[in-house]
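Okay, here's what each chain looks like letter by letter:
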Amino acid sequence: MILAIETSCDETSVAIVENGTIIRSNIVSSQIETHQRFGGVVPEVASRKHVESITWIIEEAFEKAGVSPQELSAVAVTEGPGLIGALLVGVVAAKTLAYSLDLPLIGVHHIAGHIYANQLVHQLEYPFVALVVSGGHTELVYVETEGRFQIIGQTRDDAAGEAYDKVARALKLPYPGGPHIDRLAHEAEEGFPLPRAWLEQGSYDFSFSGLKSAVLSALNSAAMKGQPLEPRAVAKGFQDSVIEVLVEKALRAVQAYGAKQLLLAGGVAANRGLREQLAVRCAEAGVPLIAPPLSLCTDNAAMIAAAAFLKLKRGQFSSLELKAEPMIKLESWSV
C-alpha cells in the first residue's frame with residue numbers, strides 16, 4: 001500500500017494504491033473555479049489552497065480506502081516539476097507522514113506519474129513511446145525498459161495545453177480553454193487554415209508559439225476589417241494543426257524506435273479530437289494505443305503512486321531531506 005500526494009499545480013490530490021495497480025482511493029480537489037477569474041493559475045493562490053485542503057484530503061483518502069496508517073508500506077509525493085510553492089506543501093506533508101509513521105519516502109517525477117497512470121488500467125509492453133501532452137509539458141518519451149526514460153522530443157516554447165489556453169483567451173472562452181476549443185472544433189464544419197510547425201526534417205521537437213501567434217494575427221486582422229472570424233472555424237483550424245503535428249511525430253517515433261505501444265499521457269490526453277485521431281492512425285499502423293480514462297488524465301495522486309511502485313520494488317527511497325525540485329529532469333529520475 002502506497003499513500004501518494006500530488007500538489008504540483010492547482011489540484012490537491014491524495015491516493016492510496018495497492019501493488020501499483022489497484023486504486024483503493026483517489027481524492028482530487030480542483031482549484032479551477034478559484035483561478036478562473038484570473039484566466040490562469042496564480043501560484044501563490046494555488047499554494048494557499050493546497051495548505052487549506054491537504055489535511056482533510058489525507059483523512060478522506062484513508063476513510064474511502066478503508067485502510068489504517070499502519071497498513072501503509074510507503075509514502076510518495078510529487079517532488080517536481082511544478083510550482084515551487086505548491087510542491088512544497090505536498091513535500092512537507094509527505095515527509096511529516098513518513099517520519100511520524102516510520103515509513104519509506106519516495107519522491108516522484110510528475111511526468112513519470114502521467115506516463116504510469118496507464119499502468120493503473122492497462123498492461124504495458126516494453127519498449128514503448130509515450131506522448132505526454134499537458135498544460136506545462138509536450139514531450140515524446142522513449143521507455144526501453146520499466147522506469148528508464150529518454151526524452152526524444154519536446155516543445156521548444158509553449159506546451160500544447162498552454163497554447164490552447166492562450167488561443168481560448170483570444171476567443172474569449174473560459175479558463176481552462178482546452179475543453180472549450182475541443183467542443184467548438186467538433187461543432188465546426190470547416191476549419192480556418194493555419195500553419196503546421198514541423199521544424200527540421202527528422203526532428204521530434206514541437207513548437208506552438210508560432211501557431212498561437214498566427215491565430216492572434218488572424219483574429220486581429222479580421223477584427224480591424226470589421227469581419228470577425230467564426231470562433232468555431234478558428235478552434236477547428238487551431239486544433240487540427242496541433243493534432244496533426246502531435247500524431248504524425250508520435251507515429252514516426254513509434255516506427256523509428258520499434259515501440260510495441262504508443263502511450264498517451266497528460267491533461268490534454270482528455271482531448272476528444274486527439275484521442276480520435278490517434279486511434280485512427282494507430283489502427284492503420286497496427287500499433288496499440290494505450291490511453292488512460294479521463295479521470296486519470298488530469299493531475300491526480302493515483303498516478304504518482306503507480307510510478308512510486310517502481311521505486312518501492314527496487315528499494316529506492318528518498319531521504320527526509322527531500323526537496324521540491326521545480327525543474328527536475330525526467331531522465332534523472334529513472335529507476
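Residues numbered from 1 in each chain as written. Predicted model: local features only at pLDDT ≥ 70, side-chain atom pairs only at ≥ 80, totals over all residues. Heavy atoms only, no water.

## Here we look at the packing of aromatic side chains
What characterises a pair of aromatic rings is the spacing of the ring centres plus the angle enclosed by the ring planes.
Step number 1: Here the structure, examined in full by the defined rule, presents seven aromatic pairs.
Step number 2: An angle of 35 degrees between the planes, with centres 6.3 Å apart, marks the rings of Phe 149 and Trp 333 as tilted. With Phe 149 in strand E8 (residues 149-154) and Trp 333 in helix H11 (residues 330-333), this residue pair connects regions lying 184 residues apart in the sequence.
Step number 3: The buried category is assigned to Trp 333, whose relative accessible area is 3%.
Step number 4: Of the aromatic side chains, those joined through ring pairs into one cluster are Tyr 116, Phe 149 and Trp 333.
Step number 5: One Lys or Arg, Lys 249, reaches over the ring of Phe 206 and ends 5.8 Å from the middle of that ring.
Step number 6: Stacked on the ring of Trp 333, the Lys or Arg Lys 311 has its end atom at 4.6 Å from the ring centre. (Phe/Tyr/Trp six-rings, centres within 6.5 Å; stacked < 30°, edge-to-face > 60°. Helix = DSSP H or I, 4+ residues; strand = E, 2+ residues; numbered from the N terminus. Buried < 20%, exposed > 50% of the residue type's maximum accessible area, 1.4 Å probe, protein only. Lys NZ or Arg CZ within 6 Å of the ring centre and 35° of its normal.)

## Comments concerning the UniProt feature "domain: Gcp-like" (unreviewed entry) in the protein
Step number 1: Per the UniProt record, "domain: Gcp-like" (unreviewed entry) is annotated on residues 23-305.
Step number 2: In this annotation, residues 23-305 is assigned 48% helix and 16% strand; the end-to-end C-alpha distance for the span is 9 Å. (UniProt positions renumbered as here; feature names shortened; annotations may be inferred.)

## What to know about the packing of helix H8 (residues 231-257) against helix H9 (residues 272-285)
Step number 1: Between H8 and H9, the shortest axis-to-axis distance is 10 Å and the interhelical angle comes to 35 degrees. Of the two possible hands of crossing, H8 and H9 adopt the one that is right-handed. Along its contact with H8, which presents Gln 239, Ile 243, Leu 246, Val 247, Glu 248, Leu 251 and Gln 255, the element H9 presents Gly 273, Leu 274, Gln 277, Leu 278, Arg 281, Cys 282 and Ala 285.
Step number 2: By residue class, the composition of the contact of H8 with H9 is eight nonpolar, four polar and two charged. (Axes fitted to C-alpha atoms, helices over the stretch in contact; angles between N-to-C directions. Left-handed = near helix turned anticlockwise from the far one by under 90°. Contact = heavy atoms within 4.5 Å. Nonpolar A, V, L, I, M, F, W, Y, C, P; charged D, E, K, R; others polar.)

## Observations regarding the UniProt feature "binding site: substrate" (unreviewed entry) in the protein
Step number 1: As annotated by UniProt and renumbered to match this structure, "binding site: substrate" (unreviewed entry) occupies Val 132, Val 133, Ser 134, Gly 135, Gly 136, Asp 165, Gly 178, Asp 182 and Asn 271.
Step number 2: Mapped onto the secondary structure, Ser 134 falls in the loop between strand E6 (128-133) and strand E7 (138-143).
Step number 3: Sequence-distant contacts of Ser 134, that is, excluding residues within four places in its chain, are made with Ala 159, Ala 160, Gly 161, Glu 162, Gly 266, Gly 267 and Val 268.
Step number 4: Its location among the elements puts Asp 165 in helix H5 (residues 160-170).

## Looking at empty space enclosed by the protein
Picture a little ball the size of a water molecule; that probe, rolled over the atoms, points out where space is still empty.
Step number 1: In this structure the tally under the stated criterion is one cavity of 30 Å³ or more.
Step number 2: Its volume calculated, the largest cavity comes out at about 30 Å³.
Step number 3: If you trace the largest cavity, you find it lined by Ala 197, Ser 207, Phe 208, Leu 211, Ser 241, Val 242 and Val 245.
Step number 4: It is H8 that provides the largest number of residues to the lining of the largest cavity, a total of three residues.
Step number 5: Among the residues making up the lining of the largest cavity, the classes are represented as five nonpolar, two polar and no charged. (1 Å grid on protein atoms, 1.4 Å probe; cavity = no way out; pocket = protein on both sides within 12 Å on 5 of 7 lines; lining within 4 Å. Points joined across faces, edges and corners; volume = space filled by probe spheres on them.)

## Topic: the nonpolar core
Step number 1: Counting 45 residues, the largest nonpolar core has Leu 131, Leu 140, Phe 238, Leu 262 and Leu 274 as the members making the most contacts within it.
Step number 2: Elements supplying a minimum of two residues to this core: E6, E7, H5, helix H6 (178-187), helix H7 (209-224), H8, strand E9 (261-265) and H9.
Step number 3: The biggest single contributor to this core is H8, with twelve residues.
Step number 4: In contact with Leu 140, other than residues within four places in its own chain, are Val 129, Ala 130, Leu 131, Gln 150, Ile 151, Ile 152, Gly 153, Tyr 204, Phe 206, Lys 249, Ala 250 and Ala 253.
Step number 5: The next biggest cluster of nonpolar side chains, apart from the first, holds 38 residues, and it includes Ala 4, Phe 128, Ala 302 and Val 335. (Core = buried A, V, L, I, M, F, W, Y, C linked by side-chain atoms within 4.5 Å.)

## Considering the sheet that holds E7
Step number 1: Pairing within the open sheet is mixed, and its five strands lie in the order E8-E7-E6-E9-E10. Unpaired on one side and paired on the other, E8 and strand E10 (289-290) mark the two borders of the sheet.
Step number 2: By the bridge criterion, five bridges tie E6 to E9 in an arrangement that is parallel. Bridge pairing in E9 places Leu 131 opposite Leu 264. (Pairing = 2+ DSSP bridges.)

## Here we look at helix H2 (residues 43-65)
Step number 1: Its 23 residues give H2 an end-to-end C-alpha distance of 30 Å, which sits within 8% of 33 Å, the value for a rise of 1.5 Å per residue.
Step number 2: Among the residues of H2, those classed as buried are Ala 46, Ser 47, His 50, Ser 53, Ile 54, Ile 57, Ile 58, Ala 61, Phe 62 and Ala 65.
Step number 3: Contacts made by the buried residues of H2 are with strand E1 (2-6), strand E2 (11-18), strand E3 (22-30), helix H1 (32-36) and helix H3 (84-101).
Step number 4: Directly beyond the C-terminal end of H2, a positive phi value near 65 degrees is found at Gly 66. (Expected span 1.5 Å × (residues − 1).)

## A look at the sheet that holds E1
Step number 1: Judged by pairing direction, the sheet is mixed, and its five strands sit side by side in the order E3-E2-E1-E4-E5 without closing on themselves. The sheet is open, and its two borders are formed by E3 and strand E5 (105-109), each paired with just one other strand. Looking at each pair of strands side by side, their axes are set apart by 20 degrees on average, direction ignored.
Step number 2: Where E1 and strand E4 (residues 74-80) come together, four bridges link them in parallel fashion. Bridge pairing in E4 places Ala 4 opposite Ala 76.
Step number 3: Contacts between H2 and the sheet are confined to E1, E2 and E3, with E2 contributing the most and set at about 25 degrees to the helix.
Step number 4: Across the sheet, H3 lies against E1, E4 and E5, angled at about 160 degrees from E4, the strand it touches most.

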